[in-house]
Amino acid sequence: MNKKLAIAAGAFIVTGIAAFVAINGRDNETVETTDEAPEFPTIERDDITQIDITRPASGDDPATTITLTKSGDEWRVTAPVDAETDESAISTALDKLGEMDVTGIAASREENYELLEVDDSGIQVTVHQGDETVELIIGAYRGRNTMVRVAGEPSVFQVAGSIKYAFNKELKDWRNRRVLAVQADRVRRIHFESENGDYTFNRNVSGEWEPQLLEGQEPIERFGSSKVQSIAASIAGMRAVNFAAADVDEAAAGFGTPTATVTLSLAPERDEDAEEDAEETPVDPSTFEDIVLHVGGESGSNNEWYVRHVGNPVIYVISTYLADRMRAGTEQFQNPEPGSEPAEAPPGGMPGMPGGMPGGMPGMPGGMPGGMPGGPGGMPGGQQIPPELMQQIQQQLQQQQAAGGN
């Protein structure tokens, strides 16, 4: 019996040694092949002079290519239109390109390309660095890595983190949608003219707004200075939701007979060396700079409206919320009657977003059933939402709330 045990033990040891040698041999093979693995091209953020981004065709929409070009220290959209870029969008894209950290090789056979979305369904990004060009296909997010293939090469690289969202954008998201970027404290007078009335308000040295009544105009009951300040601030930092189509001119946008005209009168910019809490002093109105905005007609059937900043050729599209603020009437400048109840918060979700976020967030299949990143459920298929993508979503929600909750 002891002899049989000894033989069995010996066989077990031999088997274990053989297994160890086999496993160790495979590890050595991995190390050897890693030395010969394809190298990912070097991309230096500061050397990038142009980026061409092609999104694949989707439904009835053909594939589109957007070109971003650096001129001096500035970036512009140069195709399919010539326009200012959104600084945040271009900065994020440059950061992602300059910080690609390859963690491994996911695949090298063509039959895997479709699954990893590095075939024709991927985002094609061509990076120009002086005379050098790098063509990338950015695909799916898998296991905390983004799949990236160099065009014409077989290997699919795993790049750490979420990258695709930084390039998978519509043209409007690469353009600067800021209609105005004015410091709210520079606005000293605001004039509203629409079918809802003709109103002028002046801000005194204490920062309070006061009505400037026209001849025969009745005083505004329960006038609220904070109501005017809120509207003035939202207009001074107004952000569009889109841009007019290329075939929409000023006449087609309804600017021949605007539905509203708002004039902001701005005091000269404050001296940067002045103390922030210093008491304001009266400013000569003759030094004011006037900015005139027109609200035109309705844009399509999306409850959105055309707006323009007189002197700027760009025709923007804004939310109904902002358009209505620019067409404000007496009620918008009044404090609520004593004893009236404040409006209830929207049920089941974030303030300012009717109904919360039922059924998921736009653009995310299935939404976020079962939880947030890292929580049970996450995204369909058990995938977690990349932290960078969540940050982008949160920024977009904040921008949309600032633009009127659309």
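Scroll up a little and you will see the structure.
Residues numbered from 1 in each chain as written. Predicted model: local features only at pLDDT ≥ 70, side-chain atom pairs only at ≥ 80, totals over all residues. Heavy atoms only, no water.

(A) Region of the structure containing the pattern of salt bridges. Per the stated rule, a full pass over the model turns up ten salt bridges. In this structure, the salt-bridge partner of Glu 289 is Arg 186, at a minimum N-O distance of 3.5 Å. Of this pair, Glu 289 sits in strand β15 (residues 289-299) while Arg 186 sits in the loop between α4 (171-174) and β10 (187-194), and the two are 103 residues apart along the sequence. Look at Arg 186 and you get buried, because its relative accessible area is 12%. Among the salt bridges present, the one from Asp 324 reaches Arg 327, with a minimum N-O distance of 3.0 Å. Asp 324 gets classed as partly exposed once you look at its relative accessible area, which sits at 40%. Bridged by salt links that share partners, the residues Arg 186, Glu 269 and Glu 289 form one connected network. (Salt bridge = Lys/Arg side-chain N within 4 Å of Asp/Glu carboxyl O. Helix = DSSP H or I, 4+ residues; strand = E, 2+ residues; numbered from the N terminus. Buried < 20%, exposed > 50% of the residue type's maximum accessible area, 1.4 Å probe, protein only.)

(B) Examining the sheet that holds strand β4 (residues 83-84) more closely. The sheet built from nine strands is open, its strands ordered β4-β3-β2-β1-β6-β7-β8-β9-β5 with antiparallel pairing. In this open sheet, the two strands that pair with only one neighbour each are β4 and β5 (102-107). Pairing of strand β6 (residues 123-129) with strand β7 (residues 132-142), which is carried by seven bridges, proceeds in the antiparallel orientation. Paired with Gln 124 across the bridge in β7 is Ile 137. Sheet contacts for helix α2 (residues 87-98): β1 (50-55), β2 (64-71), β3 (74-79), β6 and β7; angle to β1, the most-contacted strand, approximately 95 degrees. (Pairing = 2+ DSSP bridges. Contact = heavy atoms within 4.5 Å. Axes fitted to C-alpha atoms, helices over the stretch in contact; angles between N-to-C directions.)

(C) Quick look at the nonpolar core. Ile 190 and Ile 235 are the most contacted members of the largest nonpolar core, which has 34 residues in total. Contributions of two or more residues to this core are made by β10, β11 (197-203), α5 (225-236), β14 (260-266), β15, β16 (304-309), β17 (316-319) and α6 (320-326). In terms of residues, this core owes the most to one element, α5, which gives five residues. Setting aside its immediate chain neighbours within four residues, Ile 235 contacts Leu 180, Ile 190, Phe 192, Val 262, Leu 264, Leu 293 and Met 326. In this structure, Ile 90, Ala 93, Leu 97 and Phe 157 belong to the second largest nonpolar core, which totals 30 residues. (Core = buried A, V, L, I, M, F, W, Y, C linked by side-chain atoms within 4.5 Å.)

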